[in-house]
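Structural features, examined
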Amino acid sequence: MVESSSTLAVHRCRFVDFAPSAVTALCFPPLPLPSVKGKKAANNHTFPGFGPLVIGRANGNIELCEWTGASPRSQAPQAWVVRKTLVGPYPSKVESLALTFRSPRRAAQEEVPSWSNLRLFSAGGGSELVEWDIEQGCIKRTISSQGGPIWSISPNPASTILALGCEDGSVRLINLQYDGLSHLRRLERVKSRILSIAWGPPVPKQKKTQNADAESDSDDDDDEWTDSWLVTGCSDSSLRKLDFATGRSVDRMGTDKIRGERTLVWAVGVLGDGTIVSGDSMGNVKFWDSKTCTQLQSFQGHAADVLCLTVGPDGTAVYTSGVDQKVTQFSYVKTSRSDANPSPLVSRSTGRWVQSCSRRLHSHDVRALAIWPPYTPLPPSHQRHFPVDIAPVLASGGLDMSVVVTPAALPTATLAGKVINPLATSTTATFEDAYHRRLAYTSGPASSSAVHLAKKARLLMCTREAGLTVWRISKRQQKNDDDTDLDPANTQDSGWERVLDMDLNVQTNIVAGAISDDGRWIAVADWYETKLFQLSEEKNGDLKPRRIRAFASLVQGQLPGSSSSGASSLLFTPDSSKLVLATSISSTILIIDLGSADRAPRVLRKFEQHRLREGLVNNRVIKGRKGSSPAAADGDVEMADENEDSAQPAAESESDSDSDSDVEDSKRVRTTITRMAVSPDGQWLATADDRRRTHVFNLDAVQHHGALPTFPRAVHALAFDASAPNMLVLGFADNALEVYDVEVRAFPRWARALVHTLPPRFTRLHDPVLGVTFDPGASPVPPAGGNEEEGGGSPLPPKTALFWGATWICKVNMTERIGYGGFEKRRRGKRKATDVNANGRVEVQMEEGQQDQQQQQQRNFKLITHYRPLLFVDFIAPGELVVVERPLVDVLAKLPPAYFKPKYGAS
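Residues numbered from 1 in each chain as written. Predicted model: local features only at pLDDT ≥ 70, side-chain atom pairs only at ≥ 80, totals over all residues. Heavy atoms only, no water.

Residues Leu-26, Phe-50, Trp-80, Val-403 and Val-405 are the most contacted members of the largest nonpolar core, which totals 25 residues. Among the elements of the structure, strand S2 (23–27), strand S3 (53–57), strand S4 (62–67), strand S5 (80–86), strand S28 (366–372), strand S29 (393–398) and strand S30 (403–407) are those that each provide at least two residues to this core. It is S28 that contributes the most residues to this core, three residues altogether. Residue contacts for Val-405: discarding those within four places in its chain leaves Ala-79, Trp-80, Val-393, Leu-394, Ala-395, Leu-423, His-436, Arg-437 and Leu-439. (Core = buried A, V, L, I, M, F, W, Y, C linked by side-chain atoms within 4.5 Å. Buried < 20%, exposed > 50% of the residue type's maximum accessible area, 1.4 Å probe, protein only. Helix = DSSP H or I, 4+ residues; strand = E, 2+ residues; numbered from the N terminus. Contact = heavy atoms within 4.5 Å.)

Moving on to the environment of Thr-427. With respect to the element layout, Thr-427 can be found in the loop between S30 and strand S31 (437–439). Apart from residues lying up to four places away in sequence, Thr-427 is in contact with Lys-418 and Val-419.

Within strand S52 (residues 737–741), five of the five residues are buried, which leaves it mostly tucked inside the rest of the structure. By the alternation rule, side chains of S52 split into Leu-737, Val-739 and Asp-741 and Glu-738 and Tyr-740, which are all buried. Bridge count between strand S51 (residues 727–732) and S52: five bridges; the pairing is antiparallel. Bridging across to S52, Gly-731 finds its partner in Leu-737. The hairpin turn running from S51 into S52, its antiparallel successor, is four residues long, and Asn-735 in that turn takes a positive phi close to 65°. (Pairing = 2+ DSSP bridges.)

Applying the stated criterion across every chain, the model contains 40 salt bridges. A salt bridge links Lys-455 to Asp-874, with the nearest nitrogen and oxygen atoms 4.0 Å apart. Linking Lys-455 in the loop between strand S32 (451–454) and strand S33 (459–464) with Asp-874 in strand S57 (residues 870–877), this pair joins segments that are 419 residues apart in sequence. Looking at Lys-455, the relative accessible area reads 22%, which means it is partly exposed. Connected through salt bridges with shared partners, the residues Arg-102, Arg-119, Glu-131, Lys-140, Arg-141 and Asp-179 form a single ionic network. (Salt bridge = Lys/Arg side-chain N within 4 Å of Asp/Glu carboxyl O.)

In this section: the packing of aromatic side chains. As enumerated under the stated definition, the model contains 22 aromatic pairs in all. Look at Phe-287 and Phe-330: their rings are 6.2 Å apart centre to centre, the planes differ by 70°, and that puts the pair in the edge-to-face class. Remark: Phe-330 occurs in strand S26 (residues 326–334) and Phe-287 occurs in strand S22 (residues 284–289); sequence separation between them is 43 residues. In this pair, the class of Phe-287 matches that of Phe-330, namely buried. Relative to Phe-861, the ring of Phe-762 lies with its centre 5.6 Å away and its plane at 65°, an arrangement referred to as edge-to-face. Placement of Phe-762 in helix H8 (residues 760–763) and of Phe-861 in the loop between helix H10 (853–860) and strand S56 (862–864) is noted, with a sequence separation of 99 residues between them. Residue Phe-861 is classed as buried on the basis of its relative accessible area, which comes to 2%. The residue whose ring lies beneath Arg-185 is Phe-244, and the NZ or CZ to ring-centre distance is 4.9 Å. Above the face of the Trp-750 ring, Lys-799 is positioned so that its terminal group lies 5.5 Å from the ring centre. (Phe/Tyr/Trp six-rings, centres within 6.5 Å; stacked < 30°, edge-to-face > 60°. Lys NZ or Arg CZ within 6 Å of the ring centre and 35° of its normal.)

Here the focus is the side chain of Thr-430. Take Thr-430: it is sitting in the loop between S30 and S31. Thr-430 sits in the buried class, given a relative accessible area of 9%. Residues within four places of Thr-430 in sequence aside, it is in contact with Pro-407, Ala-409, Leu-410, Pro-411 and Thr-414.

Structural data, given as structure tokens:
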């Protein structure tokens, strides 16, 4: 335990010009239709577990996010985190998204929709509809709209038909049954673009039809419902209602317009009673009667275009947003019907819509809205009713690049008692009063970082969609400063220079990149090709790359069944002699010897452990126990016995890594390797995939060493301890931690106190852990990269880890015991008057003479929030930390100015 403050020199890098991409589409999976016969009506009264969230971005990437709660219905301070990123072709964009069920019958039995049962479709402004292979991470197939650019897509409630709104004014219906993708028919064409589509409530099939097909369709819920009509928002100041059976336009609803200009109906929605909701380019939100196709109510809800709308889970709230950055809530209020005017011309409803509140959650245009639980327009007799004790969550995204999630409980829900806020942002959960939170953007796919560091050469590399940039960080001037712990003032603007800028010819956006510690090699990969460059330094200090042309064919030679040499993750060993490549399509790990001046690169070995289905049962690694080993008896490995003889994994490795033909299709599983880490001495390699499996390899013997149990959450941080290279530290999406000893294949006893008693304030941080790093100066032996010229050891004690997320850095001594509650205790005790640094931020100081147990807990879990948002944190030398920030203000400054309407008298 250290009694004085630890001083680290910090390179605060804000010169990295990474630009995140705008959010253009959001999508939740639908809920399966209830049974007409009432067999599954009980499911309608339970709150569905929080399902996955899909985010479409302007650069063509699609992010698949998972809920991080301990159970599908529990609170999750981290909300949704990116599990996997589907990289789009370069250049491309995503304008609209849709999720459907592969098997609605299976979906009705699942608590949370599984990825394997979901089909994902996207349209990017062109004439091609794209279906994605979620497991393999690439495009599965495409189909032409046959009607020009696709402006909108919408699946029917039964997930059997996808409607496309096209440039030529027609609605094309795509048949999705039996996992197919084919044109069904075209509805009547109109003389305007189809900007938005919504399906009307399905109706139960007629009894005689059901009796005729009783034998074949008695158990098939898909055929119990039939679609009735669709409504489209057009570019000629109108909405049109289309009959599904005949395909003809039934009626036209005209919106307000200015003389000489057409009003664009950007968004439409349908409620269970048939009410149509529309949002247009004049900022109007209108409610229409679907039977008479007449306007019921109209609101000037926005000052500019309404670009998106979504309906609340029970159909009594509508949320709209658009160019003026406001999210507006409309609520349905019941009123007593007046008997004084029984005229049939009066509206039949016993209520009316009111504009209840609006909030400005974004700084620029809002392009997409989605809510969980999703709303399905069903007839009143089959309408779903969700419990009111859990608040729905509204997700919104736009040009300011971050998804914002907000609890969206109705005020009437609070009358029945306390409403749980699933995001844990505040005690209140109503849309009007609850705190929203912004999901931080990450620079790389699957919550990884696009920034990479060459420690010995002091080079910093950042990849972008189709290129990369390398900077050199100058050596720190040795002088005696009175630095505080991670002091943000200890920075220099002149301590860097740009030495390389590359634009690459790629098929998709860049997925992975790496730079060797000695600065001699750069590897960069898209989904279908990996490029290797050898760097040489010119006289003026710039770097000159030379591409190794034979590298792609070298990789493809190891993958006989694949024409792709792309990679999902790349990593150089600390001594810069080997490259570890995780292939994108086949999830194979290749160990490549980079060779020398007179020797070309060659593949030492390939491993296929991540491809094997064996030992994977219900997403848990299950291996037969050879006997009752001490580690198993102690519960070190609760879900798998990895304490076998070292010869056993080696034998498995020999048989599993010969060729693709040795692995039968029935034993394969498709996954994507998202994280890799090499120990400082270059002996151990750890890899993790999106199925939450982690494997360990011995690079000295070049063989598979063992597998960890699968964990409940995805691995976000993976690193080996510099002071104990056999200790693997893992951080998960819900801010849980694990420590694993790879040599003995067990979870060490000394780490249990840390892992099982993490402070609540750490586990409940709103931003998930993104990385972990150790000071190389704490190593008992010099690292393999030979970076010991800085002299001096680490100012941090051994086994001290720096965990970091998008808005925080936390210093954790892995061996120090933690009392109950961690450093939450201080908040309950006496408040200390002055713990404020020069920036005006509250700071936890580590002062001598503080022998109170609470101060020991404070000292161990030291939280720093000066730097935000963080893209990368790592040590470049002992006691020298590189922190890469990309302030949101700098990013927004490059966007076009946001909509602003000045008001008279306002300053």
